Amino acid sequence: MTVTMATLTNTEVEISDESLDELRAAVRGDVLTPGDAEYLRLRPPYNAMHPGKPALVVRPTGTADVVSAINFAREHQLLVAVRGGGHSIAGLSSVDGGLLLDLARMNGVDVDPEARTVRVQGGALIGDLDHETQAFGLVAPSGIVSDTGVAGLSLGGGEGWVRRKHGMAVDNLLAAQVVCADGQVRTASADTNPDLFWALRGGGGNFGVVTSFTFRCHPVGPTVAFAGVFHPVEDAENVYRRFRDWAATAPDEVSALIGCTTLPPSEHTPPEIHDTPFVVTGAVYSGDPDEGMRVLQPLRDIGTPLVDISGPLPFSGVQSAFDEFFRRGTLRSYWKATYVEELTDEIIDILVTKARSRPSKRTFVVTFLMGGAINRVGVEETAYSERSANWMVSMDGNWDDPRDDDKVIAWVRGAWAEVHERGTGSLYLNFTGVADEAVTVGVESAFDKANLQRLEEIKAHYDPDNFFRRNNNILPASYGSRD
Ligand SMILES: Cc1cc2nc3c(=O)[nH]c(=O)nc-3n(C[C@H](O)[C@H](O)[C@H](O)COP(=O)(O)OP(=O)(O)OC[C@H]3O[C@@H](n4cnc5c(N)ncnc54)[C@H](O)[C@@H]3O)c2cc1C
């Protein structure tokens with residue numbers, strides 16, 4: 001039986017049984033079509049808006065399988081999606097009718113405690129990474145939900161609870177192994193293919209399939225000082241201003257956020273916040289936990305909280321604290337983030353107004369304190385180029401009912417635009433929703449102009465036919481002007 005598949009030229013191609021058998025013979029992992037029972041058991045993507053229905057899934061066990069799958073797809077001109085952790089907000093974790101390269105079985109993590117480095121395969125989740133690094137009291141900077149993929153997060157920037165002390169994930173990348181569109185396996189590091197290495201640090205999945213990353217690690221944990229203080233949303237004006245003023249003098253050890261949402265009842269959260277709109281301040285101190293609790297105390301002294309869950313906590317516990325609210329395949333999500341130099345009173349007033357008019361309970365208006373180590377990296381040192389803002393604001397539309405799609409998406413766009421026009425002009429591609437937009441949405445403003453030009457040139461070199469296009473897509477320079 002043949003399989004009908006989507007191609008790079010928006011046509012369809014019939015893939016014969018013989019071709020599939022050849023692929024099966026070449027691959028040690030799984031080659032699945034919708035009729036296979038295992039197909040139904042695939043780890044679903046996060047965003048319920050974009051489940052995708054690939055005509056063919058390859059689940060490689062290693063780099064050799066990835067090479068076979070990429071060569072197969074290129075020879076048949078197939079549309080390909082690469083899934084690392086499957087947490088793409090933009091819905092780029094899958095593809096309709098094309099080939100899904102699902103790296104779920106490639107989740108190995110190998111720590112070198114002496115060198116303080118870690119090698120991570122391209123399908124590992126943050127939880128896989130933290131589990132191994134924390135065994136040595138180390139952390140490789142990543143994100144704050146343990147079910148997110150290391151790959152997509154790191155290729156787009158990667159901001160987490162140690163960002164101001166140790167930088168973004170991209171700032172800690174030392175090397176990567178990449179299967180490029182021509183099927184060649186390349187090492188990317190400061191010494192080998194340095195242009196590819198530069199592009200991977202912020203340019204997303206545009207340049208090939210990263211089968212492994214090597215990151216620098218830092219001593220953090222196993223216990224860290226954590227602040228988590230919940231206030232009624234009615235007190236938001238005061239809480240935002242006090243938080244902002246405290247943050248202005250916070251040392252780099254502090255990575256913090258403030259946000260407004262409503263959460264359903266859960267045995268893991270205090271009853272005081274169940275189904276109650278709240279504003280939460282959260283912070284982690286990357287250093288001595290006792291000193292950290294002293295530094296975080298002013299956050300706990302703001303107003304009269306609904307509940308304060310602060311205290312020394314295992315780093316791994318902090319990393320998985322939000323997991324249950326972001327279960328795969330449950331929420332529909334459309335997020336848009338932007339950067340602002342300072343959190344002015346005017347911007348706070350916008351955020352508070354938006355927080356009170358959220359279109360769905362689970363929509364999250366969240367502001368991350370950036371700066372510190374992030375801003376000590378030069379704009380052109382990595383493709384990721386927002387190195388001046390002290391804050392990132394994200395409008396995270398999350399909802400259940402497909403009938404609310406238009407309403408929530410319109411709200412996110414409007415709320416985001418009001419902050420964006422007061423910001424640095426750049427945005428964070430890892431938090432970019434895609435609904436009726438093209439996959440190039442946001443790319444132009446995500447990067448410094450010179451960086452985007454360089455990315456387009458590197459894309460033209462390594463992927464001149466834009467084979468890797470299910471991503472925040474950077475067009476090859478050879479495609480000509482964007483205008
Ligand atoms: C609940 C939730 C929490 C989040 N928290 C954070 C956070 O704290 N900090 C932060 O910075 N971001 C965060 N994000 C955003 C996250 O970084 C992006 O959604 C990221 O793209 C997810 O990566 P992934 O591998 O899980 O996703 P995928 O959907 O698998 O991939 C996303 C993109 O990366 C490409 N890609 C994936 N793996 C590879 C690979 N091995 N080689 C080449 N390309 C690849 C894909 O093709 C796709 O374009 C969060 C997202 C969600 C849904």
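All values derive from a computational prediction rather than experimental measurement.

Here the largest pocket is characterised by a volume of approximately 450 Å³. Forming the boundary of the largest pocket are 27 residues, of which F230, L263, A321, F322 and F325 lie nearest the centre. At the level of secondary structure, the elements contributing two or more residues to the lining of the largest pocket comprise β14 (223-232), β15 (254-261) and β16 (278-285). Here the lining of the largest pocket is built from residues that sort into 17 nonpolar, eight polar and two charged.

This part takes up the environment of A225. Of note, A225 is situated in strand β14. A C-alpha to C-alpha distance of 5.4 Å links A225 and M293, two positions 68 residues apart in sequence. Here A225 is in contact with A283, V284, Y285, P289, G292, M293, L296, G311 and P312, once residues within four sequence places are set aside.

As a further point, take the packing of helix α1 (residues 17-26) against helix α3 (residues 63-75). Close contact between α1 and α3 brings their axes to 9 Å; oriented N to C, the two are set at 160 degrees. Regarding the angle of α1 to α3, the classification is roughly antiparallel. α1 and α3 meet at a crossing whose hand is right-handed. Residues S19, L20, L23 and A26 of α1 lie in contact with α3, whose contacting residues are D65, S68, A69 and F72. Residue composition of the contact of α1 with α3, grouped by class: five nonpolar, two polar and one charged.

A few words now on the sheet that holds strand β12 (residues 209-216). Strand order across the open sheet formed by five strands is β7-β8-β12-β10-β11, with antiparallel pairing between neighbours. Edge positions in the sheet fall to β7 (109-112) and β11 (185-189), since each has one partner strand and no second. Sheet twist, expressed as the mean angle between neighbouring strand axes with direction ignored, is 15 degrees. Pairing of strand β10 (residues 173-179) with β12 involves six bridges; the strand directions are antiparallel. Looking at β12, one finds that L173 is bridged to F215. Contacts from α3 reach β10, β11 and β12, with the element oriented near 50 degrees to β10.

All right, on to the pairing of β15 then. Counting buried residues along β15, eight of its eight residues qualify, which places the element largely inside the surrounding structure. Here β15 shows a buried face lined by V254, A256, I258 and C260 and a second buried face lined by S255, L257, G259 and T261. In this sheet, β16 lies alongside β15 in antiparallel orientation, the contact comprising eight bridges. Note on β16: the bridge partner recorded for T261 is F278.

A separate point is the site of the ligand. With respect to spatial proximity, 35 residues lie near the ligand, and among them G84, H87, S93, E159 and Y428 are the closest. Here an oxygen atom of the ligand sits 3.0 Å away from a polar atom, N or O, in the main chain of G152. Within the side chain of N430, one N or O atom sits 3.2 Å away from an oxygen atom of the ligand. Calculation on the ligand without its partners gives an accessible area of 950 Å², and the protein chains cover 96% of this total. Counting atoms within 2 Å of the grid points, the majority share of the ligand lands in the largest cavity. In terms of residues, the shell around the ligand owes the most to one element, helix α5 (residues 150-156), which gives four residues.

Turning our eyes to something else, we now look at helix α14 (residues 449-462). Here α14 spans 20 Å end to end across 14 residues, near enough to the 20 Å set by a 1.5 Å rise per residue. Among the structural elements, β11, α7 (194-200) and α13 (443-446) are those in contact with the buried residues of α14. The opening residue of α14 is D448, an N-cap whose side-chain oxygen sits 3.2 Å from the backbone nitrogen of A450.

Further remarks concern a negative patch on the surface. Together, D110, D112, E114 and E132 make up a negatively charged patch on the protein surface. Here E114 lies in the loop between β7 and β8 (117-121).

In this section: the UniProt feature "domain: FAD-binding PCMH-type" (unreviewed entry) in the protein chain. Here the UniProt-annotated "domain: FAD-binding PCMH-type" (unreviewed entry) positions come out as residues 49-220. Between the C-alpha atoms that bound residues 49-220 the distance is 36 Å, and the span itself is 23% helix and 26% strand.

With that out of the way, let us pick up helix α4 (residues 126-134). Side chains three or four residues apart in an α-helix point the same way, a direct result of the helix having 3.6 residues per turn. For α4, every residue scored as buried is listed here: I126, L129, D130, T133 and Q134. Viewed end-on, α4 has its buried residues packed into an arc of 110 degrees, placing them on one side of the element. Looking at the buried side of α4, the elements it contacts are β7, β8, β9 (138-139), α5 and α10 (315-319).

Rules and cut-offs
Residues numbered from 1 in each chain as written. Predicted model: local features only at pLDDT ≥ 70, side-chain atom pairs only at ≥ 80, totals over all residues. Heavy atoms only, no water. 1 Å grid on protein atoms, 1.4 Å probe; cavity = no way out; pocket = protein on both sides within 12 Å on 5 of 7 lines; lining within 4 Å. Points joined across faces, edges and corners; volume = space filled by probe spheres on them. Helix = DSSP H or I, 4+ residues; strand = E, 2+ residues; numbered from the N terminus. Nonpolar A, V, L, I, M, F, W, Y, C, P; charged D, E, K, R; others polar. Contact = heavy atoms within 4.5 Å. Axes fitted to C-alpha atoms, helices over the stretch in contact; angles between N-to-C directions. Parallel < 35°, antiparallel > 145°, perpendicular 65-115°, else oblique. Left-handed = near helix turned anticlockwise from the far one by under 90°. Pairing = 2+ DSSP bridges. Buried < 20%, exposed > 50% of the residue type's maximum accessible area, 1.4 Å probe, protein only. Near = heavy atom within 4 Å. Polar contact = N/O pair within 3.5 Å; in protein donor to acceptor, adjacent residues only side chain to side chain. Areas by Shrake-Rupley, 256 points an atom, 1.4 Å probe, with all protein chains shown as cover. Sits in = over half its atoms within 2 Å of the grid points. Expected span 1.5 Å × (residues − 1). Patch = residues over 30% accessible without salt bridge, like charges linked within 9 Å, V, L, I, M, F, W, Y side chains within 5 Å. Salt bridge = Lys/Arg side-chain N within 4 Å of Asp/Glu carboxyl O. Lys, Arg positive; Asp, Glu negative; His and termini not counted. Charge placed at Lys NZ, Arg CZ, Asp CG, Glu CD. UniProt positions renumbered as here; feature names shortened; annotations may be inferred. Arc of directions from axis to C-beta.

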